[in-house]
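Descriptive analysis of the structure
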Amino acid sequence: MPEEAPVPTSRTGPVLGIYAHPDDAEISAGGTLAKWVAAGREVHLLVLTNGDRGSSDRSRDRAELAATRLVETEAAAEVLGLASVRVMGTHDGELANTEVVQEAVVRRIREVRAETVVSVDPTAWFFQNRYYNHSDHRTAGEIALDAAYPGSGNPHYFAAHLDEGLDLREIHDIWLGWTNESNHIEDVSGFFDTKIAALAKHDSQLAEGIRFFEEFLAKEAVELGEKIGATHAEDFRVLDLS
């Protein structure tokens, strides 16, 4: 891991998580999100696709699956204590960094007055020799970065928002999970059980390997925690833009 980055510790403003699929936020950063909520921060979630391909069952109706995953996402958000959750209608596997999507994400940053953005590292394609990252994950990271800068703080990006009464937002820090270039380990001791409880709300994914994630995440959280003398931890590539 690169040298530990100086991470902003005084942030108290709103947070927006920007992820590709239902359950991505819980897997990547559920403990950290729960910790921020407990500290009094207002944490919001924006999911960029409806997860309608999240099944290996050929007979599964995709519209029904999307509706189910919306309910699951809302239930998981309640466990985490999130202030809001919004799921966009883009089909799973079809996420693209377009002007239409950028407008929606910049709008949400401005609506919730986000100070911190949490997403995933778009540069992480390969994880060792056994997994490569879903294109939606990589694209979600690109979208989050582009929306945070220059999008949300520049009056010439989606100027109609300002006519509607929304204000520009300068993002102070960005936390990117699922990274090969981690520079910060966040102590989530006391919040790992909340992370797993939220993940468990995604019932439709139990047959799709989510139990593997529960086991893997516990092992990973313990190993990361050992590096900083904590019970459980999550790691990130943190960018301090302030």
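Structure: see above.
Quick look at the structure, then. (Residues numbered from 1 in each chain as written. Predicted model: local features only at pLDDT ≥ 70, side-chain atom pairs only at ≥ 80, totals over all residues. Heavy atoms only, no water.)

**Digging into the pattern of salt bridges**
Counted under the stated rule, the structure contains 17 salt bridges. Among the ionic pairs, R11 bridges to D173, the shortest N-O distance being 3.1 Å. Of the two residues, R11 is situated in the segment before β1 (15-19) and D173 in strand β7 (residues 173-177); the sequence distance between them amounts to 162 residues. The class of D173 is buried, set by a relative accessible area of 1%. (Salt bridge = Lys/Arg side-chain N within 4 Å of Asp/Glu carboxyl O. Helix = DSSP H or I, 4+ residues; strand = E, 2+ residues; numbered from the N terminus. Buried < 20%, exposed > 50% of the residue type's maximum accessible area, 1.4 Å probe, protein only.)

**Some points on the nonpolar core**
Counting residues in hydrophobic clusters, the biggest one holds 23 residues, and the most contacted among them are L16, I18, L48, V105, I109, V117 and I171. For this core, the secondary structure elements donating two or more residues are β1, β2 (43-49), α3 (99-112), α4 (135-151) and β7. Beyond its immediate stretch of four places on either side in the chain, I171 contacts I109, A114, E115, V117, A148, S152 and L241. Among the nonpolar cores identified, the runner-up in size contains 20 residues, and V15, L33, A34 and V120 belong to it. (Core = buried A, V, L, I, M, F, W, Y, C linked by side-chain atoms within 4.5 Å. Contact = heavy atoms within 4.5 Å.)

**Topic: helix α1 (residues 24-38)**
For α1, which comprises 15 residues, the first-to-last C-alpha distance of 20 Å matches the rise-based estimate of 21 Å (1.5 Å per residue) to within 8%. Its maximal kink placed at G30, α1 deviates by approximately 80°. For α1, a buried count of 12 out of 15 residues is recorded, marking the element as mostly surrounded by other parts of the structure. Within the span of α1, buried status applies to D24, A25, E26, I27, S28, A29, G30, G31, T32, L33, A34 and W36. The positive-phi residue at the C-terminal boundary of α1 is G40, with phi of around 100°. (Expected span 1.5 Å × (residues − 1). Bend = angle between axes of the 7 residues up to and from the residue.)

**Things to note about a nonpolar patch on the surface**
Residues W125, F126 and Y132 make up a contiguous nonpolar surface patch of about 420 Å² in total accessible area. Mapped onto the secondary structure, Y132 falls in strand β6 (residues 131-132). A relative accessible area of 61% places Y132 in the exposed class. (Patch = residues over 30% accessible without salt bridge, like charges linked within 9 Å, V, L, I, M, F, W, Y side chains within 5 Å. Areas by Shrake-Rupley, 256 points an atom, 1.4 Å probe, with all protein chains shown as cover.)

**Considering the packing of aromatic side chains**
Summed over the entire model, instances satisfying the criterion amount to three aromatic pairs. Ring geometry for W36 and W175: centres 4.9 Å apart, planes at 85°, overall edge-to-face. Placement of the pair is W36 in helix α1 and W175 in strand β7, with a sequence separation of 139 residues. For W175, a relative accessible area of 2% gives the class buried. Here the aromatic rings of W125 and F126 are separated by 6.4 Å at their centres, their planes lie at 45°, and the arrangement is tilted. For W125, a relative accessible area of 44% translates into the label partly exposed. (Phe/Tyr/Trp six-rings, centres within 6.5 Å; stacked < 30°, edge-to-face > 60°.)

**A few points about the sheet that holds strand β3 (residues 84-90)**
If you walk across this open sheet you meet the seven strands as β3-β2-β1-β4-β7-β9-β8, and the pairing is mixed. The open sheet terminates on both sides in strands that have one partner only, identified here as β3 and β8 (184-187). Pairwise comparison of adjacent strand axes, ignoring direction, gives a mean angle of 25° for this sheet. Relative to β3, β2 is paired through five bridges, and the arrangement is parallel. Bridged to L46 within β3 is R86. Packed on one face of the sheet, α3 meets β1, β2, β3 and β4 (116-120) and runs near 170° to β2. (Pairing = 2+ DSSP bridges. Axes fitted to C-alpha atoms, helices over the stretch in contact; angles between N-to-C directions.)

**Examining the pairing of β1**
Most of β1 sits out of view: five of its five residues are buried. Side chains V15, G17 and Y19 project from β1 onto one buried face, and the interleaved L16 and I18 project onto a second face that is buried too. Judged from the five bridges that link them, β1 and β2 form a sheet pairing that is parallel. The residue of β2 that forms the bridge with G17 is L45.

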